[in-house]
Amino acid sequence: MVDFFNTPTGEIKEPPIFPDGKYLATASRYETGKAGDKETEYVDITFRVMEPLEGQDTTGFDLSVYTLDRRWWLTDKSLYYTMEDMKRINADAEEANSFSDAVELYVIGSNVEIT
């Protein structure tokens, strides 16, 4: 295990920059929680990068370790927009019996295009 607190600052190197562009990704997992003083509920979705869609040169990059996280807030004001975002991932999400079912049945495992 790396002891980050005692790493000499001169040994900290900039990581390689991931090539810009569109990628196919899969919604691979989700986690729920509460944040802030008001304990606002949220759902975090993790998208795992699968492959480039625009011919980017990803030589030297292990795509399987790259992820993108998305947080959806669950409030009276945001739930509609969260659901719209979810339907962009899988249009069938609106057919679910509940928000939880929509995440579990229609989002996780879906392939999406990310930038």
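Everything here concerns the structure above.
What you are looking at is a predicted structure, and each value in this text was computed from that prediction instead of being measured. (Residues numbered from 1 in each chain as written. Predicted model: local features only at pLDDT ≥ 70, side-chain atom pairs only at ≥ 80, totals over all residues. Heavy atoms only, no water.)

With respect to the nonpolar core
Part 1 of the argument: Ile-45, Phe-47, Trp-72, Met-86, Phe-99 and Val-107 are the most contacted members of the largest nonpolar core, which has 20 residues in total.
Part 2 of the argument: Elements represented by at least two residues in this core include exactly β1 (23-35), β2 (40-52), α1 (79-89), α2 (99-107) and β4 (111-114).
Part 3 of the argument: Residues within four places of Met-86 in sequence aside, it is in contact with Trp-72, Ala-93, Phe-99, Ala-102, Val-103 and Val-107. (Core = buried A, V, L, I, M, F, W, Y, C linked by side-chain atoms within 4.5 Å. Buried < 20%, exposed > 50% of the residue type's maximum accessible area, 1.4 Å probe, protein only. Helix = DSSP H or I, 4+ residues; strand = E, 2+ residues; numbered from the N terminus. Contact = heavy atoms within 4.5 Å.)

Quick notes on the packing of aromatic side chains
Part 1 of the argument: Taken as a whole, this structure holds six aromatic pairs when the rule is applied.
Part 2 of the argument: Measuring from ring centre to ring centre gives 5.4 Å for Phe-18 and Phe-61, while their planes differ by 85°; the resulting arrangement is edge-to-face. One end of the pair, Phe-18, is in the segment before β1; the other, Phe-61, is in the loop between β2 and β3 (67-74), with 43 residues separating them in the sequence.
Part 3 of the argument: A relative accessible area of 17% means that Phe-61 is categorised as buried.
Part 4 of the argument: Among the aromatic side chains, those forming a connected cluster through ring pairs are Phe-18, Tyr-23, Phe-61 and Tyr-66.
Part 5 of the argument: One residue, Arg-71, lies across the ring of Tyr-42, its end atom 3.7 Å from the ring centre. (Phe/Tyr/Trp six-rings, centres within 6.5 Å; stacked < 30°, edge-to-face > 60°. Lys NZ or Arg CZ within 6 Å of the ring centre and 35° of its normal.)

Structural notes on the pairing of β1
Looking along a regular strand, one sees side chains alternate from face to face of the sheet.
Part 1 of the argument: Across 12 bridges, β1 lies against β2 in antiparallel orientation. By the bridge assignment for β2, Ala-35 is matched with Thr-40.
Part 2 of the argument: Counting the residues in the hairpin turn of β1 and β2 gives four residues, including Gly-36, whose phi is positive at 80°.
Part 3 of the argument: Of the strand pairs in this sheet, β1 and β4 are connected by four bridges, and their pairing is antiparallel. Residue Leu-24 lies in a different strand from β4, and its bridge partner there is Glu-113. (Pairing = 2+ DSSP bridges.)

It is worth stressing that arrangement in space is one thing and function is another; only the former is reported here.
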